[in-house]
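Read off the chains here:
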Amino acid sequence: HAWSAPARTGAANPEPRPLRVAPAAAAPLACRCAAPERFGERLVLAGTPDPVALGNALHACLAASFTDPDAPLGTDEIAAILDGHALAGAVGPAAVAQRIAALHAWLARRWPGWRAHAEWPVEQRLADGQVLHGRIDLLLEGPDGWVLIDHKAHAGAAEAWPALAAGHAGQLAAYAAAVERASGRPVVECWLHFPVAGGAIRLDFA
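A brief look at the structure comes next.

Calculation criteria
Residues numbered from 1 in each chain as written. Predicted model: local features only at pLDDT ≥ 70, side-chain atom pairs only at ≥ 80, totals over all residues. Heavy atoms only, no water. Helix = DSSP H or I, 4+ residues; strand = E, 2+ residues; numbered from the N terminus. Buried < 20%, exposed > 50% of the residue type's maximum accessible area, 1.4 Å probe, protein only. Areas by Shrake-Rupley, 256 points an atom, 1.4 Å probe, with all protein chains shown as cover. Axes fitted to C-alpha atoms, helices over the stretch in contact; angles between N-to-C directions. Parallel < 35°, antiparallel > 145°, perpendicular 65-115°, else oblique. Left-handed = near helix turned anticlockwise from the far one by under 90°. Contact = heavy atoms within 4.5 Å. Nonpolar A, V, L, I, M, F, W, Y, C, P; charged D, E, K, R; others polar. Core = buried A, V, L, I, M, F, W, Y, C linked by side-chain atoms within 4.5 Å. Polar contact = N/O pair within 3.5 Å; in protein donor to acceptor, adjacent residues only side chain to side chain. Pairing = 2+ DSSP bridges.

Once that is clear, we can look at the overall build of the chain. Across its full length, the chain carries 4 helices and 10 strands. Counting every position in the chain, which comprises 206 residues, the buried fraction comes to 40%. In the structure as shown, the chain presents an accessible area of about 10600 Å², 56% of it carried by carbon and sulfur atoms.

And the structure:
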């Protein structure tokens with residue numbers, strides 16, 4: 001069913017609400033940010049490609065790169081993904097491959113041996129009856145719990161990342177709460193990864 005009615009609060013005809021809610025729609029949340037970490041080269045873009053298409057294409061490439069550790073994503077496969085999002089010529093497949101390699105190297109340095117789950121589906125029934133529904137871009141599983149990473153195709157400098165993080169903290173907190181409830185294990189770190197800018201920043205919730 002697409003809609004759910006809230007509990008009656010005296011209104012004769014309460015407005016229906018969507019049954020499913022996306023974590024991305026969560027309200028901003030106060031957070032602290034660690035110092036930004038830079039790794040890899042900034043992705044050079046030709047012209048001004050559509051930001052939604054660019055974000056979707058990079059998400060698809062990053063997710064595909066985790067499907068088989070023994071078969072790295074090739075530039076021909078990256079080119080096909082970019083072409084499918086009408087981005088041929090806007091960004092080079094080799095440059096995207098370098099950004100993917102930089103991410104994998106950073107993960108291996110920070111969390112050696114942790115298992116990566118890309119595009120991990122999440123559903124949780126909330127206290128008000130609505131259902132949280134979404135996909136975590138990258139979830140790392142290790143002996144201490146989980147690390148949650150969300151990709152953002154933001155091209156701004158690292159100085160702008162803390163302000164951007166505040167706008168997405170609610171989304172990451174919602175994902176973290178769902179993972180902890182389902183698994184009984186803590187989410188020990190939450191990160192935003194910027195594949196265009198070339199780096200990441202850790203969020204700590206206040």
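From this point on, the discussion continues.
Let us now look at the packing of helix α2 (residues 75-84) against helix α3 (residues 93-110). Put simply, α2 and α3 touch, their axes get as near as 9 Å, and they point 110 degrees apart. By the angle between their axes, α2 is roughly perpendicular relative to α3. Pair α2 / α3 crosses with right-handed handedness. Residues Thr75, Ile78, Ala79 and Leu82 of α2 pack against Pro93, Ala94, Val96, Ala97 and Ile100 of α3. Tallied by class, residues from the contact of α2 with α3 come to 8 nonpolar, 1 polar and no charged.

The subject of this paragraph is the packing of helix α1 (residues 51-64) against α3. At their nearest, the axes of α1 and α3 sit 10 Å apart, and the two run at 55 degrees to each other. With respect to their mutual orientation, α1 and α3 come out oblique. Between α1 and α3 lies a crossing whose hand is right-handed. Listed contacts from α3 to Leu58, Cys61 and Leu62 of α1 are Val96, Ile100 and Leu103. Here the contact of α1 with α3 is composed, by residue class, of 6 nonpolar, no polar and no charged.

A word on the nonpolar core. Val96, Trp106, Leu107, Trp111, Leu140 and Ile149 are the most contacted members of the largest nonpolar core, which has 31 residues in total. Among the elements of the structure, α1, α2, α3, β7 (131-142) and β8 (145-151) are those that each provide at least two residues to this core. Leu140 has contacts with Leu107, Trp111, Trp114, Arg115, Ala116, Gly145, Trp146, Val147 and Ile149, leaving out every residue within four places of it along the chain. Formed by 23 residues, the second largest nonpolar core is a distinct cluster that contains Ile136, Trp146, Val179 and Cys190.

Counting through the fold element by element, His117 comes out in strand β6 (residues 115-125). A polar contact of 2.7 Å, which involves the side chain of His117, links it to the side chain of Glu141. When neighbours within four sequence positions are excluded, His117 is seen to be in contact with Asp137, Leu138, Leu139, Glu141 and Trp146.

All right, on to the environment of Val188 then. With respect to the helices and strands, Val188 occurs in strand β9 (residues 187-194). By relative accessible area, Val188 is classed as partly exposed at 38%. Residues Val188 and Asp204 lie 16 residues apart in sequence; the distance between their C-alpha atoms is 9.6 Å. The residues touching Val188, leaving out its near neighbours within four places in the chain, are Trp114, Asp144, Trp146 and Val147.

This brings us to the side chain of His151. Inspection of the secondary structure puts His151 in strand β8. The contacts of His151, once residues within four sequence positions are left out, are His59, Leu62, Leu103, Asp137, Leu138 and His193.

Taken residue by residue, a regular strand's side chains alternate between the two faces of the sheet. β9 sits mainly inside the fold: 7 of its 8 residues count as buried. Direction of pairing for β9 relative to strand β10 (residues 199-205): antiparallel, over a ladder of 5 bridges. Within β10, the residue paired with His193 across the bridge is Ala200. Hairpin geometry of β9 and β10 is characterised by an intervening segment of 4 residues between the two adjacent antiparallel strands and by a positive phi of about 90 degrees at Gly198.

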